[in-house]
Amino acid sequence: MKLIVLDRDGVINRDSDAFVKSVEEWIPIPGSIEAIAQLSKAGWKVAVATNQSGIARGLFNGETLEAMHDKLRQLVNGQGGRVDLIVHCAHGPDDGCDCRKPSPGLFRQIAQHYAMNDLTGIPVVGDSLRDLTAGLALGCTPYLVKTGKGERTLQKPLPEGTQVFSDLAAVVQHLLQD
Ligand SMILES: O=P(O)(O)OC[C@@H](O)[C@H]1O[C@@H](OP(=O)(O)O)[C@@H](O)[C@@H](O)[C@@H]1O
Ligand SMILES: [Mg+2]
Ligand SMILES: [Zn+2]
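Residues numbered from 1 in each chain as written. Chains lettered and ligands numbered in written order. Predicted model: local features only at pLDDT ≥ 70, side-chain atom pairs only at ≥ 80, totals over all residues. Heavy atoms only, no water.

- If you look the protein chain up in an unreviewed UniProt entry, it shows as D,D-heptose 1,7-bisphosphate phosphatase from Pseudomonas asuensis.
- What the UniProt record of the protein chain gives under Sequence similarities (unreviewed entry) is the line "Belongs to the gmhB family."
- Regarding the protein chain, the UniProt comment filed under Subcellular location (unreviewed entry) reads as follows: "Cytoplasm". (UniProt positions renumbered as here; feature names shortened; annotations may be inferred.)

Written out as structure tokens, the structure is:
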């Protein structure tokens, strides 16, 4: 199955060290909406897996998060594409859940949604090490982008086989060239 798993903040939209707390603060990274639409028009299923500890921290609520995701879906639909699935972890760092990346829970949810035992060979695109670690636990192929926290992540040792691209649009261009 042509399936890809995207991190959200710092890959699809601008990230902020102060968290992305509202629809107004949710601003697409140039080229990302078009890249997602291009993938889905080429027959790919696009899933998003995102940590949203801002909910546990009381910075925003589930309704606001859903409004951000409606904005994402509408923008992609407007380009003729579709975001197929969005899963998120609303917990905080001390909640001990299994879905906060780098834990694999969100990726297990994605595999289950598509009736797959694992995600072997499925690209995971992130700006943080934890995005790649979580995906690798289910067999994903790791891609790091330099947007968001990507430049900082590049300063650390990367999982073997990680491919680095400037942004999501460059990853998509690479994936669609084959
Ligand atoms: O990149 P994804 O997973 O889509 O979302 C990351 C966000 O939930 C936030 O995650 C926080 O990490 P902590 O939750 O405080 O460790 C911080 O890194 C924030 O800057 C960032 O906006
Ligand atoms: Mg991120
Ligand atoms: Zn969680």
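There's more to say after this.
### As for the coordination of the magnesium ion (ligand 2)
So, point 1. Distances from the magnesium ion (ligand 2) to its protein donors, namely Asp7 (OD), Asp9 (O) and Asp127 (OD), fall within the range 2.1 to 2.2 Å.
So, point 2. Sequence spacing of the donors to the magnesium ion (ligand 2): D-x1-D-x117-D. With Asp9 in the loop between β1 (3-6) and α1 (32-41) and Asp127 in the loop between β4 (123-126) and α5 (129-136), the pair connects residues that are 118 residues apart, well separated along the chain.
So, point 3. Asp9 gets classed as buried once you look at its relative accessible area, which sits at 12%.
So, point 4. Using a relative accessible area of 1% as the deciding quantity, one classes Asp127 as buried. (Donors = N, O, S within 2.8 Å, 3.2 Å for Na, K, Ca; no water. Helix = DSSP H or I, 4+ residues; strand = E, 2+ residues; numbered from the N terminus. Buried < 20%, exposed > 50% of the residue type's maximum accessible area, 1.4 Å probe, protein only.)

### Focus on α1
So, point 1. Among the 10 residues of α1, seven are classified as buried, and the element is accordingly described as predominantly covered.
So, point 2. Along α1, the residues that are buried comprise Ser32, Ile33, Ala35, Ile36, Ala37, Leu39 and Ser40.
So, point 3. The elements touched by buried residues of α1 are β1, β2 (45-51), α3 (62-78) and α7 (168-177). (Contact = heavy atoms within 4.5 Å.)

### Structural notes on the coordination of the zinc ion (ligand 3)
So, point 1. Each protein donor to the zinc ion (ligand 3) is listed here as Cys89 (SG), His91 (ND1), Cys97 (SG) and Cys99 (SG); together their distances run 2.0 to 2.3 Å.
So, point 2. Seen from the zinc ion (ligand 3), its four donor atoms lie at angles of 101 to 118 degrees, and the figure they make is tetrahedral.
So, point 3. Binding-site remark: the zinc ion (ligand 3) is held by donors from one chain whose sequence spacing is C-x1-H-x5-C-x1-C.
So, point 4. Take His91: its relative accessible area is 32%, and that puts it in the partly exposed class. (Tetrahedral: all angles 85-135°; square planar, octahedral: opposite > 155°, others 65-115°.)

### Describing the site of ligand 1
So, point 1. Asp15, Thr50, Asn51, Ser53 and Arg100 are the nearest of the 16 residues found near ligand 1.
So, point 2. Here Arg8 contributes a backbone N or O atom positioned 3.3 Å from an oxygen atom of ligand 1.
So, point 3. In this structure, an oxygen atom belonging to ligand 1 sits 2.5 Å away from a side-chain N or O atom of Arg100.
So, point 4. The protein chains hide 88% of the 510 Å² of surface that ligand 1 would expose on its own.
So, point 5. In the shell around ligand 1, the residues fall into one nonpolar, five polar and 10 charged. (Near = heavy atom within 4 Å. Polar contact = N/O pair within 3.5 Å; in protein donor to acceptor, adjacent residues only side chain to side chain. Areas by Shrake-Rupley, 256 points an atom, 1.4 Å probe, with all protein chains shown as cover. Nonpolar A, V, L, I, M, F, W, Y, C, P; charged D, E, K, R; others polar.)

### What about the pattern of salt bridges?
So, point 1. Taken as a whole, this structure holds 11 salt bridges when the rule is applied.
So, point 2. The residue Arg108 makes a salt bridge to Asp98 at a minimum N-O spacing of 3.5 Å. You can see Arg108 sitting in helix α4 (residues 105-113) and its partner Asp98 sitting in the loop between β3 (85-89) and α4, a full 10 residues away along the chain.
So, point 3. Given the relative accessible area of 45%, Arg108 is considered partly exposed.
So, point 4. Of the residues examined, Asp98 reaches a relative accessible area of 45% and is grouped as partly exposed.
So, point 5. In this structure, the salt-bridge partner of Asp131 is Lys101, at a minimum N-O distance of 2.9 Å. Placement of Asp131 in helix α5 and of Lys101 in the loop between β3 and α4 is noted, with a sequence separation of 30 residues between them.
So, point 6. Looking at Asp131, the relative accessible area reads 2%, which means it is buried.
So, point 7. One network of salt bridges, in which partners are shared, links Asp15, Asp17, Lys149 and Arg152. (Salt bridge = Lys/Arg side-chain N within 4 Å of Asp/Glu carboxyl O.)

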